[in-house]
2 protein chains.
Amino acid sequence: MENSNNSRRSFLKKAALGSLAAISIPEILAASAPKYKTKHMSLSKGQIILFQGDSITDWGRAKDDPGFNTSHSLGSGYPMLTAASILEKHADLDLKIYNKGISGNKVYQLVDRWETDCFAIKPDILSILIGVNDLWHKLNGTYNGTVEIYRKDYIALLEMTKRVLPNVKLIIGEPFGVRGIKAVNDNWYPEFYGYQKAAREIAAQFGAAFIPYQAIFDEARKHAPGVYWTADGVHPTLAGAQLMAQAWLQTIK
Amino acid sequence: MENSNNSRRSFLKKAALGSLAAISIPEILAASAPKYKTKHMSLSKGQIILFQGDSITDWGRAKDDPGFNTSHSLGSGYPMLTAASILEKHADLDLKIYNKGISGNKVYQLVDRWETDCFAIKPDILSILIGVNDLWHKLNGTYNGTVEIYRKDYIALLEMTKRVLPNVKLIIGEPFGVRGIKAVNDNWYPEFYGYQKAAREIAAQFGAAFIPYQAIFDEARKHAPGVYWTADGVHPTLAGAQLMAQAWLQTIK
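Treat the numbers as computed from the prediction; the structure is a model and nothing was measured.

Enquirer: Explanation requested: the overall build of chain A in the structure shown.
Expert: In terms of regular secondary structure, chain A is built from 13 helices and 5 strands. In chain A, the share of contacts with a sequence separation of at least 24, taken over all contacts with a separation of at least 6, comes to 78%. For chain A, the exposed surface amounts to about 11,000 Å²; the carbon and sulfur share of it is 55%.

Printed below as a string of structure tokens:
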């Protein structure tokens, strides 16, 4: 009873402070995902970082721009926000940061363009966020995939990647949805959990750093409504993209 | 001699650590501008923040978008990066962040559009960065201004602002140039120092927080070449824009 009273007092104290306190990302991570041990990686001189994924990653980047480190080539989403922070903090490292996400992609479409959009770039750090369309496009009738196909294709992609780039460091983001906001209705569940579980297990299998975006957005909803973080349940707002960038930066020492 | 040896040792130690250490903005501010005492302001619920200025502020924002808090309305420069950070950290405050910078503007052009692009928005916090074109366009022969006109117009702008919005908190950014990079040649000096001095003195006169961007970029050049921070001496790269955003965020408690 003593403990439970203390917890309650602590909770009330936190709640009272809530409207004044800024949200700290380590706090959100700690609150939402104590079970995920973040793997930290260090950056070194001249490294190449590549962001891969679907529209959440793509986010209006100029597809005809073969460049790096610019908002023109990186778009307006979490890769650009992450890059801005890394490039400013680690100016002495002469890093190159690329974004090759493409709207609407499912995991098999990454496989199709991996030669030009990954191997040709030779990343030292490869960040992948893929999976939401693998279910979404199935639910809207434009794709015939299953969670088994997602898992199989994702594993094939990473096996191929490790063969060609044996030293690449992997970062795998959890596919996420903000339930109840527009696109993300109850039809997604429980099936979507299977895709999230697959991504988590694949990250462990390949020794990748795993970013638990779902837990992070779930925790963020306690601070502001779902539409503050995502316009349609799938695509983050600027605030949501910054939340993702901050979580991504946690993987860097 | 003892002191000077110690300093030298300390310098050599720092230089040796240089390639490993991330740049901390408080460190850059401390190194570059110990004489500027940053004024801190606190944010509160429902406040409106407005960014005003020239192309460095504008940076590709959608001019036909009357909105706020989105990358579409905020562009790809330091206002968007600053907003991303504030909106994520202070999600519980329900802030509205606008950008109304316009490429090519000089200070008198802010005066011309102040009714619609400032007073109609009723900002609680107003951030202004203006002045580089006041000299640049004079040097390239498209404008007849002087530093006296810049100072006079800037003071008139702020007097009018304080009359209409007596409680507005002001943030004034120092006009800056990265000397030796393309546009910013020796012709700018020493004249440009006069514009910087005017901005600094006007900030003091109106009790504004002052952001010493010049000192910040000067310090940043010790960590990476000038072109890493600005493409043409005037317009920051993504890394440079993030440097500005981090400096701006120092004005918030």
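Here the narrative resumes.
Enquirer: Looking at this structure, how should I read the sheet that holds strand 2 (residues 96-99) of chain B?
Expert: Sheet strands line up and pair through hydrogen bonds in the backbone, either parallel or antiparallel. Residue and element names in this part refer to chain B. Across the sheet, which stays open at both edges, the 5 strands sit in the order 2-1-3-4-5 with parallel pairing between neighbours. Of all the strands in the sheet, the pair left with one neighbour each is strand 2 and strand 5 (209-211). Strand-to-strand twist in this sheet, taken as the mean axis angle between neighbours without regard to direction, amounts to 15 degrees. Note that strand 4 (residues 169-173) and strand 5 share 3 bridges and pair parallel. Paired with Gly 173 across the two strands is Ile 211, which belongs to strand 5.

Enquirer: Got a minute to help me understand the packing of helix 9 (residues 147-164) of chain B against helix 10 (residues 191-205) of chain B in this structure?
Expert: When two helices pack together, their arrangement is given by the angle between their axes and by how far apart the axes lie. All names here are of chain B. The geometry of helix 9 relative to helix 10 is characterised by a closest axis approach of 10 Å and an angle of 25 degrees between their N-to-C directions. When the axis of helix 9 is compared with that of helix 10, the two are roughly parallel. In terms of crossing hand, the pair formed by helix 9 and helix 10 is right-handed. Contact residues: Val 147, Tyr 150, Arg 151, Tyr 154, Ile 155 and Leu 158 in helix 9; Gly 194, Tyr 195, Ala 198, Ala 199, Glu 201, Ile 202 and Gln 205 in helix 10. Here the contact of helix 9 with helix 10 is built from residues that sort into 9 nonpolar, 2 polar and 2 charged.

Enquirer: Help me understand the packing of aromatic side chains, please; the structure alone is not making it clear to me.
Expert: Within this structure, the stated rule accounts for 28 aromatic pairs over all chains. Taken together, a centroid distance of 5.3 Å and an interplanar angle of 50 degrees make the contact between Phe 68 of chain B and Tyr 98 of chain B tilted. Highlighted residues: Phe 68 of chain B in the loop between helix 3 (55-58) and helix 4 (71-74) and Tyr 98 of chain B in strand 2, separated in sequence by 30 residues. Of the residues examined, Tyr 98 of chain B reaches a relative accessible area of 13% and is grouped as buried. Ring geometry for Tyr 228 of chain B against Trp 229 of chain B: centres 5.1 Å apart, planes inclined by 75 degrees, an arrangement best described as edge-to-face. As far as burial versus exposure is concerned, Tyr 228 of chain B and Trp 229 of chain B are alike and both buried. One aromatic cluster is present, formed by Phe 51, Tyr 78, Phe 176, Tyr 213, Phe 217 and Trp 248 of chain A through successive ring pairs. Its end group placed over the ring of Tyr 143 of chain B, Lys 106 of chain B keeps NZ or CZ at 5.2 Å from the ring centre.

Enquirer: Looking at this structure, I do not really get unusual backbone geometry. What am I missing?
Expert: With the exception of glycine, the majority of residues adopt a negative phi angle, and the majority of peptide bonds are in the trans configuration. All names here are of chain A. In this structure, the amide linkage connecting Tyr 189 to the following residue, Pro 190, adopts the cis form with an omega of 5 degrees. Relative to the helices and strands, Pro 190 resides in the loop between strand 4 (169-173) and helix 10 (191-205). One non-glycine residue, Trp 59, adopts positive backbone phi at about 45 degrees. As for its position among the elements, Trp 59 is in the loop between helix 3 (55-58) and helix 4 (71-74). Despite not being glycine, Lys 122 shows a phi value in the positive range, around 55 degrees. Looking at where Lys 122 falls in the secondary structure, it is placed in the loop between helix 7 (114-117) and strand 3 (125-129).

Enquirer: What is the right way to look at the nonpolar core in this model?
Expert: Across soluble globular proteins, you tend to see nonpolar side chains buried next to one another. If you look at the biggest cluster of nonpolar residues, it comprises 158 residues, and the most contacted ones within it are Tyr 154, Tyr 213 and Trp 248 of chain A together with Tyr 154, Tyr 213 and Trp 248 of chain B. Residues in contact with Tyr 154 of chain A, not counting those within four places in the same chain, are Val 107, Ile 128, Ile 130, Ile 172 and Ile 202 of chain A.

Enquirer: Looking at this structure, how should I read the environment of Asn 140 of chain A?
Expert: Residues and elements named next belong to chain A. Relative to the helices and strands, Asn 140 is located in the loop between helix 8 (132-139) and helix 9 (147-164). The exposure class assigned to Asn 140 is partly exposed, which follows from its relative accessible area of 44%. Of note is the side chain of Asn 140, whose polar atom sits 2.8 Å from the side chain of Thr 142.

Enquirer: Before we go on, may I ask you to explain helix 13 (residues 238-249) of chain A in this structure?
Expert: In an α-helix, one turn spans 3.6 residues, which is why side chains three or four residues apart end up on the same side. Residues and elements named next belong to chain A. Helix length check: helix 13 (12 residues) gives 16 Å between terminal C-alpha atoms against 16 Å at 1.5 Å per residue, within 8%. With 11 of 12 residues buried, helix 13 is to be regarded as a mostly interior element. Within helix 13 the residues assigned to the buried category are Leu 238, Ala 239, Gly 240, Ala 241, Gln 242, Leu 243, Met 244, Ala 245, Ala 247, Trp 248 and Leu 249.

Enquirer: Any chance you could explain the sheet that holds strand 2 (residues 96-99) of chain A here in plain terms?
Expert: Residues and elements named next belong to chain A. Here we have 5 strands laid out as an open sheet, ordered 2-1-3-4-5, and parallel in their pairing. In this open sheet, the two strands that pair with only one neighbour each are strand 2 and strand 5 (209-211). Strand-to-strand twist across the sheet, computed as the mean angle between neighbouring axes with direction ignored, equals 15 degrees. The pairing of strand 3 with strand 4 spans 4 bridges and is parallel. Note that in strand 4 the partner of Leu 126 across the bridge is Leu 170.

Criteria and cut-off values
- Residues numbered from 1 in each chain as written.
- Chains lettered and ligands numbered in written order.
- Predicted model: local features only at pLDDT ≥ 70, side-chain atom pairs only at ≥ 80, totals over all residues.
- Heavy atoms only, no water.
- Helix = DSSP H or I, 4+ residues; strand = E, 2+ residues; numbered from the N terminus.
- Contact = heavy atoms within 4.5 Å.
- Areas by Shrake-Rupley, 256 points an atom, 1.4 Å probe, with all protein chains shown as cover.
- Pairing = 2+ DSSP bridges.
- Axes fitted to C-alpha atoms, helices over the stretch in contact; angles between N-to-C directions.
- Parallel < 35°, antiparallel > 145°, perpendicular 65-115°, else oblique.
- Left-handed = near helix turned anticlockwise from the far one by under 90°.
- Nonpolar A, V, L, I, M, F, W, Y, C, P; charged D, E, K, R; others polar.
- Phe/Tyr/Trp six-rings, centres within 6.5 Å; stacked < 30°, edge-to-face > 60°.
- Buried < 20%, exposed > 50% of the residue type's maximum accessible area, 1.4 Å probe, protein only.
- Lys NZ or Arg CZ within 6 Å of the ring centre and 35° of its normal.
- Core = buried A, V, L, I, M, F, W, Y, C linked by side-chain atoms within 4.5 Å.
- Polar contact = N/O pair within 3.5 Å; in protein donor to acceptor, adjacent residues only side chain to side chain.
- Expected span 1.5 Å × (residues − 1).

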